[in-house]
Amino acid sequence: MSIAQLSAEKAKILVVDDQPVNIQIIHQMLNADYQIFMATSGAQAISLCQSNPPDLILLDVLMPELDGLETCRLLKQKAELADIPVIFVTGMQNPEEEALCWGAGGDDFVLKPVNAVTLKHRIKTQLKLVHQARLVQQLEAKKTV
């Protein structure tokens, strides 16, 4: 999907948090620029990704049952979902906890309470990286033809 397509169609962002108020806050920050989908559990997020893959996932770390770290690991194990960027949204602020986010396959993270400007820039960066990776894949595919 090109940048023009992303802006014309609005990229799809899945917000995953067990606290609906956190989803509402992020929805208010982003709904003018993106299509926002919501899940309140890791299992629901995986199911939604399989039926309607988003362009990016904002994933809470601390959730009951299937936490964000394990949810990310499971998503990254599925070939069809592995390239979807995951930005962790977390209150965890020490280096060991940050390392867990990276180790689970996260592409970035933002701290709670979420700064809207920072979140928007991180989303834009991740979407740009995905777009560039797709362009490279298309160019490589043309070379092999």
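The model shown is predicted, which means the values in this text are computed figures rather than measured ones.

### Brief notes about unusual backbone geometry
- The residue after Lys112, namely Pro113, is reached through a cis peptide bond having omega -5 degrees.
- Tracing the backbone through its elements, the reader meets Pro113 in the loop between β5 (108-111) and α6 (116-144).
- We note that Glu65 has phi near 60 degrees; this positive angle belongs to a residue other than glycine.
- With a relative accessible area of 86%, Glu65 lands in the exposed category.

### Observations regarding helix α4 (residues 68-77)
- Looking only at α4, the buried set comprises Gly68, Leu69, Thr71, Cys72 and Leu75. One face of α4 carries all of its buried residues, which in axial projection span an arc of 160 degrees.
- The inward-facing, buried residues of α4 contact α3 (42-51), β3 (56-60), β4 (86-90) and α5 (95-103).
- The backbone nitrogen of Leu69 has a side-chain oxygen 3.1 Å away, supplied by the residue at the start of α4, namely Asp67.

### Brief notes about the packing of helix α2 (residues 20-30) against α6
- At a minimum axis distance of 10 Å, the contact between α2 and α6 shows a crossing angle of 70 degrees. Here α2 lies roughly perpendicular to α6, going by the angle between them. Residues Ile26, Met29 and Leu30 of α2 lie in contact with α6, whose contacting residues are Ala116, Leu119, Lys120 and Ile123.
- A class-by-class count of the residues in the contact of α2 with α6 yields six nonpolar, no polar and one charged.

### Brief notes about α2
- Of the positions making up α2, those classed as buried are Ile23, Ile26, Met29 and Leu30. Summarising the axial view, the buried residues of α2 lie within an arc of 125 degrees, below the 170-degree limit, and thus occupy one face. Summarising the geometry of α2, the exposed residues directed more than 90 degrees from the buried face are Gln24 and Gln28.
- Where the residues of α2 are buried, they touch β1 (12-16), β2 (35-39), β3, β4 and α6.

About the cut-offs
Residues numbered from 1 in each chain as written. Predicted model: local features only at pLDDT ≥ 70, side-chain atom pairs only at ≥ 80, totals over all residues. Heavy atoms only, no water. Helix = DSSP H or I, 4+ residues; strand = E, 2+ residues; numbered from the N terminus. Buried < 20%, exposed > 50% of the residue type's maximum accessible area, 1.4 Å probe, protein only. Arc of directions from axis to C-beta. Contact = heavy atoms within 4.5 Å. Polar contact = N/O pair within 3.5 Å; in protein donor to acceptor, adjacent residues only side chain to side chain. Axes fitted to C-alpha atoms, helices over the stretch in contact; angles between N-to-C directions. Parallel < 35°, antiparallel > 145°, perpendicular 65-115°, else oblique. Nonpolar A, V, L, I, M, F, W, Y, C, P; charged D, E, K, R; others polar.

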